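Coordinate inspection notes
Spelled out from the first residue to the last, the chains are:
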Amino acid sequence: MAPENQMTETTHTAPRRGVPIWIQILIFALLLSLLILVGLGVVRAQQGTVQPGEKLPDFTLPLYSGYEYEGRAEIKLSDLRGKVVVINFWASWCKPCEQEAAELEQAWQEYGPGGQVIFLGVDYVDTPNEANIYLKKFGITYPNGPADAHPDFKLSQIFRIQGVPESFFIDPEGVLRYVKIGPFTSRDEINFQIEQLLP
């Protein structure tokens, strides 16, 4: 028996509270959004590059200084309607890109002056300094710009490129007609694809 003057000690603890429901809903929504983004990325990767027959969405390519088109610092695909458009994704660190650089420039020199064909070089995962060194090294004169510099979209995602080099031939109506994965083996290969699309 405890003495009367001794006090018994009782501890009072606050009842445990769970995470508020609004935080649980927020966490669930964030996780769901992340799963959707991952799923879209997987689907896009499984699709591979854009395919011939697809009409491409309009886009704007900012151009490197010294590689502008008709004095413009950027070019929209829609501005090129009526022309055959050859888009080549490349990078300064890409050895296969070096193998085709001279052939692309020679084809540009042949077709560019006629005004019916435009070449666009799209530099992928590179720095502007390294890109300019590469362009000068191979004497490239056709318009060139960075793939993913635009704040609203990434050109590499529009084309769903898998690597470099990759080239895309677009007809005068803006429809993709040919996709080349890897480097061209000759200028004749480039010329053949262009000739197919000229009126």
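Here, every reference points to the structure presented above.
Just so it is clear, the model here is predicted, and its values are computed rather than measured. Residue positions are counted from 1 within each chain, in the order its sequence is given. Reporting in this predicted model follows two pLDDT cut-offs: at least 70 for local features of residues, and 80 or more for side-chain atom pairs to be given and counted; totals over whole chains, interfaces and linings ignore these cut-offs and use all residues. Calculated side-chain values reflect all of the structure's heavy atoms, with hydrogen atoms and water omitted.

For the rest of this paragraph, the subject is the packing of aromatic side chains. When we look at a pair of aromatic rings, we describe it by the centre distance and by the angle of the planes. A pair of aromatic rings is counted whenever rings of Phe, Tyr or Trp (Trp by its six-membered ring) have centres within 6.5 Å, and the orientation is called stacked for planes under 30 degrees apart, edge-to-face for over 60 and tilted otherwise. What the rule picks out here adds up to 11 aromatic pairs. With centroids separated by 5.7 Å and ring planes inclined at 65 degrees, the aromatic side chains of phenylalanine 169 and tyrosine 178 adopt a geometry described as edge-to-face. Working definition: with a 1.4 Å probe on protein chains only, accessible area under 20% of the residue-type maximum means buried, over 50% means exposed, and in between means partly exposed. Judged by relative accessible area, phenylalanine 169 falls into the buried class, the value being 0%. Relative to phenylalanine 184, the ring of phenylalanine 169 lies with its centre 6.0 Å away and its plane at 90 degrees, an arrangement referred to as edge-to-face. Separated by 15 residues along the polypeptide, phenylalanine 169 in strand β6 (residues 166-170) and phenylalanine 184 in the loop between β7 (176-181) and α5 (187-197) bring together distant segments of the chain. Overall, phenylalanine 184 belongs to the buried group, its relative accessible area being 4%. One aromatic cluster in this structure is built from Phe59, Phe89, Phe159 and Phe168. The way it works is that DSSP assigns letters per residue, a run of H or I at least four long becomes a helix, a run of E at least two long becomes a strand, and they are numbered from the N terminus.

This next bit is on the sheet that holds β7. Read from one edge of the open sheet, 5 strands run β5-β4-β3-β6-β7, paired in mixed fashion. In the strand order of this sheet, the two ends are held by β5 (144-146) and β7, each with one partner. Taking each pair of neighbouring strands and ignoring which way they run, the sheet shows an average axis angle of 20 degrees. Bridge analysis of β6 against β7 gives 5 bridges, and the strand direction is antiparallel. Counted as the bridge partner of isoleucine 170 is leucine 176 from β7. Contacts are assigned to residue pairs that have any heavy atoms within 4.5 Å of one another. Working convention: axes come from line fits to C-alpha atoms, limited for helices to the stretch in contact. Angles between N-to-C directions cover 0 to 180 degrees. Sheet contacts for helix α2 (residues 95-111): β3 (84-90) and β4 (117-123); angle to β4, the most-contacted strand, approximately 155 degrees. Note: two strands are recorded as paired if DSSP finds a minimum of 2 bridges between them.

On their own, these measurements won't tell you what the molecule is for.
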